[in-house]
Amino acid sequence: MGNIALAIHGGAGPDSEFVRRNVDRYKQGLQEAATAGYDFLKSGGSALDAVELVVNILENNPIFNAGRGASLNNKGEVDMNASIMNGRDLKAGAVAMIRNVKNPISLARNVMEDTRHVFMAGKGAIDFAKTRQALMMPDSYFITEHRFNDYLQLNQQETEQDLLQKRIQGTVGCVAVDVNGNLAAATSTGGLTNALEGRIGDSCIIGAGTYANNQTCAVSGTGDGELLIRGVVAHSISSLIEFTGCTLQEACDNTVFERCKEFKGDIGVIAVDPKGNIAITYNTERMHRAWAGVDGNVEVRVYGDEG
Ligand code: ASP
């Protein structure tokens with residue numbers, strides 16, 4: 001039996017007054033989700049089920065930007081993206097432009113398991129959700145006061161330059177390795193506040209925001225989605241391990257700090273490898289994160305090493 005390990009994130013980005021005020025709520029949400037996922041792995045659960053379970057918990061928690069509490073686009077609407085990947089057989093499922101589906105990550109898994117496709121978007125994906133008996137919720141379920149205020153604040157910025165200075169992000173993700181050495185990754189998001197309607201970020205793009213391969217690692221990313229897409233971040237980390245034999249931590253650090261350094265934007269990643277190693281790398285002021293590895297302790301952080 002191999003080492004089990006799990007890491008989760010609730011987004012990376014600039015610090016804010018809201019984050020500082022709600023740091024305990026964030027930590028509590030991370031602690032609950034990571035503990036549930038780790039206990040599930042400990043009882044012999046699969047990595048794939050664990051990452052879906054954890055992301056469901058985070059999607060249901062309104063403090064995080066995924067599912068309930070998702071951010072609003074420039075029309076004041078919620079559009080959600082999610083993806084999941086199974087490291088054992090490289091199967092993957094992804095959904096974009098999702099509305100009213102309570103748990104987009106479970107819909108991504110439905111796409112992976114119940115269709116011959118990998119990626120579905122918009123009306124077709126939402127109609128498909130209904131055939132899978134996915135729980136559907138009214139718009140009011142998703143829109144929280146905090147996200148609405150973010151939207152009002154950013155929607156008044158006039159230029160693209162102003163908007164670049166004032167990014168409000170978040171996203172949730174989970175990576176895990178189970179007792180059988182199988183890896184999985186899952187990521188779910190409401191995207192960027194005030195993004196142009198129709199914008200799709202990295203979280204639902206296999207290889208950018210999500211990747212899992214039993215031979216190398218499982219990765220979930222967060223930050224400026226455009227940069228994670230251009231840097232093909234999650235797959236780059238896997239390829240570095242595959243082609244150079246470097247460690248998981250080296251691959252994450254190299255990708256975020258070297259390969260993507262010209263981008264000058266926000267990137268954070270969590271990753272696990274088949275031996276149960278965990279790596280977390282971010283170039284931002286904060287990254288909401290938690291992990292549990294060989295020693296079984298759940299560690300939670302928002303800023304540096306505050307414990
Ligand atoms: N990467 C996400 C996106 O661009 C946002 C985030 O992680 O904060 O949609």
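The structure reproduced in this document is the subject of the present report. The structure displayed is predicted, hence computed values, not measured ones.

## Focus on the overall build of the chain
Across its full length, the chain holds eleven helices and twelve strands. Its C-alpha atoms give the chain a radius of gyration of 17 Å, within 12% of the compact-globule value 19 Å for 307 residues. Referenced to the eigenvectors of the C-alpha coordinate spread, the extents of the chain come out at roughly 55 × 40 × 35 Å. Relative to its 307 residues, the chain shows a buried fraction of 58%. Excluding contacts between residues fewer than 6 apart, the proportion of contacts in the chain whose partners are at least 24 apart in sequence is 68%.

## Observations concerning empty space enclosed by the protein
Inspection of the entire model under this criterion finds two cavities of 30 Å³ or more. Taken as a whole, the largest cavity holds about 110 Å³ of empty space. Around the largest cavity, the lining is made up of 14 residues, and of these Asn-73, Asp-79, Gly-190, Ala-195 and Arg-199 lie nearest the centre. There is about 60 Å³ of room inside the second largest cavity. In terms of lining, the second largest cavity is formed by 13 residues, of which the most central are Thr-171, Thr-189, Asp-202, Ser-203 and Gly-223. Residues that form the lining of the second largest cavity fall into these classes: one nonpolar, ten polar and two charged.

## Considering the pairing of strand β11 (residues 286–292)
Summarising burial for β11: six of the seven residues are buried, a large majority. Where strand β1 (residues 5–13) meets β11, six bridges bridge the pair, whose relative direction is antiparallel. In the sheet register, Ala-12 faces β11, and the bridge partner there is Met-287. Sheet topology note: the β11/strand β12 (residues 298–301) ladder contains four bridges and is antiparallel. Along β12, the bridge assignment pairs Arg-289 with Arg-301.

## Considerations on the sheet that holds strand β10 (residues 278–282)
Judged by pairing direction, the sheet is antiparallel, and its four strands sit side by side in the order β7-β8-β9-β10 without closing on themselves. Each edge of the open sheet carries a strand with a single partner, namely β7 (210–213) and β10. Pairwise comparison of adjacent strand axes, ignoring direction, gives a mean angle of 10° for this sheet. Alignment of β7 against strand β8 (residues 217–223), held across four bridges, turns out to be antiparallel. Bridge pairing links Asn-213 to Cys-217 in β8. Where helix α11 (residues 248–259) meets the sheet, it contacts β8, β9 (267–272) and β10, and its direction lies at approximately 15° from that of β10.

## Digging into the environment of Gly-37
Looking at where Gly-37 falls in the secondary structure, it is placed in helix α2 (residues 23–42). Along the chain, Gly-37 and Val-55 lie 18 residues apart, while their C-alpha atoms are 9.3 Å from each other. Those residues in contact with Gly-37 that lie beyond four places of it in its chain are Leu-6, Ala-50, Leu-53 and Val-54.

## Points about the packing of aromatic side chains
The description of an aromatic ring pair rests on the distance of the ring centres and on the angle between the ring planes. Applying the stated rule across the entire model yields three aromatic pairs. Put simply, the rings of Phe-18, Tyr-26 and Phe-64 pair up and form one aromatic cluster.

## What to know about helix α4 (residues 104–114)
Given 3.6 residues to a turn, an α-helix orients residues that are three or four positions apart in the same direction. Within α4, nine of the eleven residues are buried, which leaves the element mostly enclosed by the surrounding structure. Every buried residue belonging to α4 is among Pro-104, Ile-105, Ser-106, Leu-107, Ala-108, Arg-109, Asn-110, Val-111 and Met-112, and all of these are buried. Of the surrounding secondary structure, the elements contacted by the buried residues of α4 are α3 (47–60), β2 (80–86), β3 (91–98), β4 (119–121), α5 (122–131) and β6 (183–189).

Analysis parameters
- Residues numbered from 1 in each chain as written.
- Predicted model: local features only at pLDDT ≥ 70, side-chain atom pairs only at ≥ 80, totals over all residues.
- Heavy atoms only, no water.
- Helix = DSSP H or I, 4+ residues; strand = E, 2+ residues; numbered from the N terminus.
- Rg over C-alpha atoms; globule rule 2.2 N^0.38 Å.
- Buried < 20%, exposed > 50% of the residue type's maximum accessible area, 1.4 Å probe, protein only.
- Contact = heavy atoms within 4.5 Å.
- 1 Å grid on protein atoms, 1.4 Å probe; cavity = no way out; pocket = protein on both sides within 12 Å on 5 of 7 lines; lining within 4 Å.
- Points joined across faces, edges and corners; volume = space filled by probe spheres on them.
- Nonpolar A, V, L, I, M, F, W, Y, C, P; charged D, E, K, R; others polar.
- Pairing = 2+ DSSP bridges.
- Axes fitted to C-alpha atoms, helices over the stretch in contact; angles between N-to-C directions.
- Phe/Tyr/Trp six-rings, centres within 6.5 Å; stacked < 30°, edge-to-face > 60°.

In short, shape yes, function no, at least from these values alone.
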